[in-house]
Amino acid sequence: MANAQQSFYELYRGTSIGVALADTLDDLISSRRIEPQLAMRIMQNFDEKIAQVLGEKVKARLSFKGHLDTYRFCDEVWTFIIKDVNFKMDGQQTQLPGERVKIVACHGLEQASEESEEGSPKKKEVKQVIRWAL
């Protein structure tokens, strides 16, 4: 479990599952079934767990080709917008075309099981990537 000082990117809140969770929590708050503080803790837990599960469980590989339209590096986050994209899953010949795709890639910190010399947990860098079509 993450400590109180560790934060996770909120990248996955814009996905369909993240939006559905936020809408459900809003409904529960509106009907006074949960407190807003609990909803915030649930969303923070979602941020942590979705990144963890996707990193551990998703093994599929995807390649794509397209024309790089825009790229940006700000606050340790890369953003790419690619136009006229063709996607191909590894091991398949079928290609799926796309008009525009936005890719956001950022570094996160993951708790390691080892401890540093000061007794605090070591942190190692992991790369978190989210992709979605515009």
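What you are looking at is a predicted structure, and each value in this text was computed from that prediction instead of being measured. (Residues numbered from 1 in each chain as written. Predicted model: local features only at pLDDT ≥ 70, side-chain atom pairs only at ≥ 80, totals over all residues. Heavy atoms only, no water.)

Brief notes about the pairing of strand E1 (residues 62-74)
Part 1 of the reasoning: As defined by bridge partners, E1 adjoins strand E2 (residues 77-89) across 11 bridges and the pair is classed as antiparallel. Within E2, the position partnered with Ser-63 by the bridge is Lys-88.
Part 2 of the reasoning: The antiparallel hairpin formed by E1 and E2 contains 2 residues in its connecting segment, where Asp-75 sits at a positive phi of about 55°. (Pairing = 2+ DSSP bridges. Helix = DSSP H or I, 4+ residues; strand = E, 2+ residues; numbered from the N terminus.)

Quick look at helix H2 (residues 36-57)
Part 1 of the reasoning: Spanning 22 residues, H2 covers 31 Å between terminal C-alpha atoms, matching the ideal 32 Å at 1.5 Å per step.
Part 2 of the reasoning: Those residues of H2 that fall on the buried side of the exposure criterion are Ala-39, Met-43, Phe-46, Asp-47, Glu-48, Ile-50 and Ala-51. (Expected span 1.5 Å × (residues − 1). Buried < 20%, exposed > 50% of the residue type's maximum accessible area, 1.4 Å probe, protein only.)

Quick word on the packing of aromatic side chains
Part 1 of the reasoning: Counting across every chain of the model gives 3 aromatic pairs.
Part 2 of the reasoning: Ring centres of Phe-64 and Phe-87 lie 6.1 Å apart, and the angle between their planes is 50°; this geometry places the pair in the tilted category. You can see Phe-64 sitting in strand E1 and its partner Phe-87 sitting in strand E2, a full 23 residues away along the chain.
Part 3 of the reasoning: Given the relative accessible area of 32%, Phe-64 is considered partly exposed. (Phe/Tyr/Trp six-rings, centres within 6.5 Å; stacked < 30°, edge-to-face > 60°.)

Describing the pattern of salt bridges
Part 1 of the reasoning: Summed over the entire model, instances satisfying the criterion amount to 5 salt bridges.
Part 2 of the reasoning: Across the salt bridge formed by Arg-13 and Glu-10, the nearest N and O atoms sit 3.8 Å from each other.
Part 3 of the reasoning: Given the relative accessible area of 24%, Arg-13 is considered partly exposed.
Part 4 of the reasoning: A salt bridge links Asp-90 to Arg-61, with the nearest nitrogen and oxygen atoms 3.7 Å apart. Of the two residues, Asp-90 is situated in the loop between E2 and strand E3 (95-115) and Arg-61 in the loop between H2 and E1; the sequence distance between them amounts to 29 residues.
Part 5 of the reasoning: What you see here is one network of salt bridges that share partners, running through Glu-10, Arg-13 and Asp-47. (Salt bridge = Lys/Arg side-chain N within 4 Å of Asp/Glu carboxyl O.)

Describing the nonpolar core
Part 1 of the reasoning: Of all hydrophobic cores here, the largest spans 12 residues; its members are Leu-11, Tyr-12, Leu-25, Ile-34, Ala-39, Met-43, Phe-46, Ile-50, Ala-51, Val-77, Val-104 and Cys-106.
Part 2 of the reasoning: Elements with a contribution of two residues or more to this core: H2 and E3.
Part 3 of the reasoning: The biggest single contributor to this core is H2, with 5 residues.
Part 4 of the reasoning: Ile-82, Val-85, Phe-87 and Ile-103 belong to the second-largest nonpolar core, a separate cluster that totals 5 residues. (Core = buried A, V, L, I, M, F, W, Y, C linked by side-chain atoms within 4.5 Å.)

Considering unusual backbone geometry
Part 1 of the reasoning: For Arg-32, which is not glycine, the phi torsion reads 60° and is therefore positive.
Part 2 of the reasoning: Counting through the fold element by element, Arg-32 comes out in the loop between helix H1 (16-30) and H2.
Part 3 of the reasoning: With a relative accessible area of 78%, Arg-32 lands in the exposed category.
Part 4 of the reasoning: Here Asp-84, not a glycine, exhibits a phi torsion of approximately 50°, which is positive.
Part 5 of the reasoning: Residue placement: Asp-84 occurs in strand E2.

A closer look at the packing of H1 against H2
When two helices pack together, their arrangement is given by the angle between the helix axes and the distance between those axes.
Part 1 of the reasoning: Between H1 and H2, whose axes approach to 10 Å, the crossing angle comes to 165°. It follows that H1 is roughly antiparallel to H2 by the angle criterion. The interaxial crossing formed by H1 with H2 has right-handed handedness. In this structure, H1 uses Ile-17, Gly-18, Leu-21, Ala-22, Leu-25 and Ile-29 to contact H2, whose residues at the interface are Pro-36, Ala-39, Ile-42, Met-43 and Phe-46.
Part 2 of the reasoning: Classifying every residue of the contact of H1 with H2 by side-chain character gives 10 nonpolar, 1 polar and no charged. (Axes fitted to C-alpha atoms, helices over the stretch in contact; angles between N-to-C directions. Parallel < 35°, antiparallel > 145°, perpendicular 65-115°, else oblique. Left-handed = near helix turned anticlockwise from the far one by under 90°. Contact = heavy atoms within 4.5 Å. Nonpolar A, V, L, I, M, F, W, Y, C, P; charged D, E, K, R; others polar.)

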